[in-house]
Amino acid sequence: MTTVGYCGRFAPSPTGPLHQGSLVAALASWLDARAQGGRWLVRIEDIDPPREEAGAARAQLAALSALGLVPDEPPTFQSARIALYQQALARLQAAGQVYRCTCSRSAVEQAAQRLGLPPNVYPGTCRDATPSKQPAGLRVRVPAQSVGFVDRACGPFTQQLERQVGDFVVRRADGLWAYQLAVVVDDAQQQITDVVRGADLLDNTPRQIYLQQLLHLPTPRYLHVPIVLAASGEKLSKQTGAPPLDLSDPLRELEQAWRHLGFAPTGAATVPDFLARAMTAWRARWDLQRSRADTIGTAGAAQRPIP
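Residues numbered from 1 in each chain as written. Predicted model: local features only at pLDDT ≥ 70, side-chain atom pairs only at ≥ 80, totals over all residues. Heavy atoms only, no water.

1. Some points on the overall build of the protein
Phase 1: Summing up its helical and strand segments, the protein has 10 helices and 10 strands in all.
Phase 2: Its C-alpha atoms put the protein at 65 × 50 × 40 Å along the principal axes.
Phase 3: Counting only residues that meet the buried cut, the protein has 48% of its 307 residues in that class.
Phase 4: When the accessible area of the protein is evaluated, it comes to approximately 14,200 Å², of which 53% is carbon and sulfur surface. (Helix = DSSP H or I, 4+ residues; strand = E, 2+ residues; numbered from the N terminus. Buried < 20%, exposed > 50% of the residue type's maximum accessible area, 1.4 Å probe, protein only. Areas by Shrake-Rupley, 256 points an atom, 1.4 Å probe, with all protein chains shown as cover.)

2. Thoughts on the sheet that holds strand β4 (residues 98-101)
Phase 1: The sheet built from three strands is open, its strands ordered β4-β5-β8 with antiparallel pairing. Because the sheet does not close on itself, it has two edges, and the strands there are β4 and β8 (168-171). Strand-to-strand twist in this sheet, taken as the mean axis angle between neighbours without regard to direction, amounts to 45 degrees.
Phase 2: With four bridges joining them, β4 and strand β5 (residues 137-140) adopt antiparallel strand pairing. Residue pairing for β5: Tyr99 is matched across the bridge by Arg139.
Phase 3: Each of β5 and β8 is contacted by helix α7 (residues 205-214), which is oriented at about 60 degrees to β8, the strand it contacts most. (Pairing = 2+ DSSP bridges. Axes fitted to C-alpha atoms, helices over the stretch in contact; angles between N-to-C directions. Contact = heavy atoms within 4.5 Å.)

3. Section: the pattern of salt bridges
Phase 1: Summed over the entire model, instances satisfying the criterion amount to 20 salt bridges.
Phase 2: Its salt-bridge partner being Arg34, residue Asp72 comes within 3.0 Å of it at the nearest N-O pair. Placement of Asp72 in the loop between α2 (56-66) and β3 (76-77) and of Arg34 in helix α1 (residues 20-35) is noted, with a sequence separation of 38 residues between them. (Salt bridge = Lys/Arg side-chain N within 4 Å of Asp/Glu carboxyl O.)

4. A look at the sheet that holds strand β1 (residues 7-10)
Phase 1: Strand order in the open sheet formed by three strands is β1-β2-β3, with parallel pairing between adjacent strands. One side of each edge strand has no neighbouring strand; the edge strands of this open sheet are β1 and β3.
Phase 2: Here β1 runs beside strand β2 (residues 39-44); their pairing, made up of four bridges, is parallel. In the strand pairing of β2, Phe10 is matched with Val42.
Phase 3: Taken strand by strand, α2 contacts β1, β2 and β3, and its axis lies near 155 degrees from that of β2.

5. Some points on the packing of aromatic side chains
Phase 1: For the structure shown, the criterion picks out six aromatic pairs.
Phase 2: Taking the centre distance of 5.9 Å and the plane angle of 55 degrees together, the rings of Tyr85 and Trp177 count as tilted. Placement of Tyr85 in helix α3 (residues 82-94) and of Trp177 in the loop between β8 and α6 (179-189) is noted, with a sequence separation of 92 residues between them.
Phase 3: Note on Trp177: relative accessible area 8%, which makes it buried.
Phase 4: An aromatic cluster of at least three residues, connected via ring pairs, comprises Trp258, Phe263, Phe274 and Trp282.
Phase 5: In this arrangement the basic side chain of Arg171 is found over the ring face of Trp177, its NZ or CZ atom lying 5.8 Å from the centre.
Phase 6: When the ring centre of Phe263 is taken as origin, the NZ or CZ atom of Arg285, which lies over that ring, is 4.2 Å away. (Phe/Tyr/Trp six-rings, centres within 6.5 Å; stacked < 30°, edge-to-face > 60°. Lys NZ or Arg CZ within 6 Å of the ring centre and 35° of its normal.)

Rendered as structure tokens:
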């Protein structure tokens, strides 16, 4: 099946070399785009310099190339897109949707605890406070309403923003741009129709949909795939000791990621052979889900995972 206008993307942060967790997300997004006759882009999310590693972006792009995951356009870098984020923020400010916040993380946790809220929920401390000259982040006001969507793998997901998240940051007190705003602006500007990424970002999606609504931007389809866990049970990452991909044997790394996505080994002898077989299998499962959707409705079909 070919989806006219399909555009997907893989968007790593250059904080270190790619690892198996990165590859699972990259492979799933590449396969979903290729299986549907769409385009696939790579976007380097390099707007958090304190966390970035010199040369990491170059190494990540080289790793993708060695794995056969080549984007259809030259990679883009968020650091070159600051003007777009500024324009979006100006629109939110003009609509009265953002306010200054001087709360530290510990202050947020203490205030939430006093109100009986989870520690990561912002209780609106600065929402109506008198602006000060202290360094301040900018938060978006959220309403007391639920925002939901149907994920292609996880099914219906709903979040009550005020109670479960609170007003969230779009620009940090140090002047750096927050992920939520940047990813929404980038996906819209690049005309991304389908976001395929790790399930750890599932609960970020309602915030992003809310920003899309405020900015009158389209909402893409979402598919959140299982994340790879470290021995500790935490998400595999540089912080949890994730080893870099072994690019001396890219086929083995691809097969391991493929198995994590719930598929049997392909038996391929080369990387191009693997990618061709994997794309065929991915397309078959996509067509099965599409058939179910035609039979029992999109919401019911979406509860049956693709990968």
